[in-house]
Structure formats: structure tokens, C-alpha cells
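Examining the three-dimensional arrangement
If you want the building blocks of each chain, they are given just below.
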Amino acid sequence: MSYHGYIPLVKGHLANLGRPAALLEVGVDRGVTLVTLVAFMARAMPAFIAVGIDVKVQEQVVLMLDNLDLGPNQVAFCTEGNSLDVLPQLVERKAKFDAVLLDGDHNYHTVSRELALLEELT
């Protein structure tokens, strides 16, 4: 699933921060939302970071991100792994995100744990 209907809302939120934005997407799948938002951020912001997490990062997502010709202070990448393994690493690194799109595993245990971790990351 992608967040087609939410893209304008997320774009508006990130554009109005007045500082470099940080975006996290859990469950990147085909990259429709992540690549769309990164392309927008690349045009609208001199600096940002965008991180995608998926259990299997598809090659075409990496290729699309790599071909966006980002500037020196514009960072976008995907990390392959389980969100319950990757999110604690981000918490440990004291990462903070301005917008989070959560669409990974859809079972109660995973989502409840992800939400607890995201509370520390936002």
C-alpha cells in the first residue's frame, strides 16, 4: 500500500518546518510514496534526510533514489531489515523524524511495538 492520499499533506507539513526535514517510512514496498516525497524534498529543500525501512528493499526503489541527483545535504536511503530490529537502532542513535509513515507488518504485536519506538523517534 502507498499513502497516495496523504502525499499532499506530508509535503505541506515538511515544507512548512522552516528547517531541514527528516522523513521515515516503514514498509517501503515499491517506493511510490518514498520516492515521490524525496523528489519533492529535493526540489523544495536544500537539506533533508529520508529513511526507508523494509524487510526486502526492492532494487528498483534503490535505483530510483540513486537517480534523483540529490545535493550534498540531501540524503535518502533504504535500510533492509525488520522494523523491530532497525527502529531500536535509530532510537539508540537518537534519531528524530518530523514525519513517519507506518505501513510495515500489520499484526498487533509488531504495530504496538513500532508505535512505542516511534514515540521516541518523533
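Presented here is a report on the structure given in the accompanying data block. (Residues numbered from 1 in each chain as written. Predicted model: local features only at pLDDT ≥ 70, side-chain atom pairs only at ≥ 80, totals over all residues. Heavy atoms only, no water.)

Description of the packing of helix α1 (residues 7-15) against helix α2 (residues 32-44)
In the contact formed by α1 and α2, the axes pass within 11 Å of each other and the chain directions differ by 35°. As α1 packs across α2, the resulting crossing turns out to be right-handed. Where α1 abuts α2, its residues I7, V10, K11, L14 and A15 lie against T33, T36, L37, F40 and M41. The residue inventory of the contact of α1 with α2, partitioned by class, reads 7 nonpolar, 2 polar and 1 charged. (Axes fitted to C-alpha atoms, helices over the stretch in contact; angles between N-to-C directions. Helix = DSSP H or I, 4+ residues; strand = E, 2+ residues; numbered from the N terminus. Left-handed = near helix turned anticlockwise from the far one by under 90°. Contact = heavy atoms within 4.5 Å. Nonpolar A, V, L, I, M, F, W, Y, C, P; charged D, E, K, R; others polar.)

Re the nonpolar core
Grouped together as the largest cluster of nonpolar side chains are 23 residues, with contacts concentrated most on L23, L34, M41 and L65. Take this core: its biggest share by element is 6 residues, from α2. In contact with L34, other than residues within four places in its own chain, are L23, E25, V28, A50, V51, G52, L65 and C78. (Core = buried A, V, L, I, M, F, W, Y, C linked by side-chain atoms within 4.5 Å. Buried < 20%, exposed > 50% of the residue type's maximum accessible area, 1.4 Å probe, protein only.)

Topic: the side chain of E25
Within the secondary structure, E25 is located in strand β1 (residues 21-26). We note that E25 is buried and unpaired, the nearest opposite charge coming from R30 at a distance of 11 Å. Within the local environment of E25, its side chain forms a polar contact with the backbone nitrogen of L34, the two atoms lying 3.2 Å apart. Sequence-distant contacts of E25, defined by excluding residues within four places in its chain, comprise Y3, T33, L34, V51, G52, I53 and L101. (Lys, Arg positive; Asp, Glu negative; His and termini not counted. Salt bridge = Lys/Arg side-chain N within 4 Å of Asp/Glu carboxyl O. Polar contact = N/O pair within 3.5 Å; in protein donor to acceptor, adjacent residues only side chain to side chain.)

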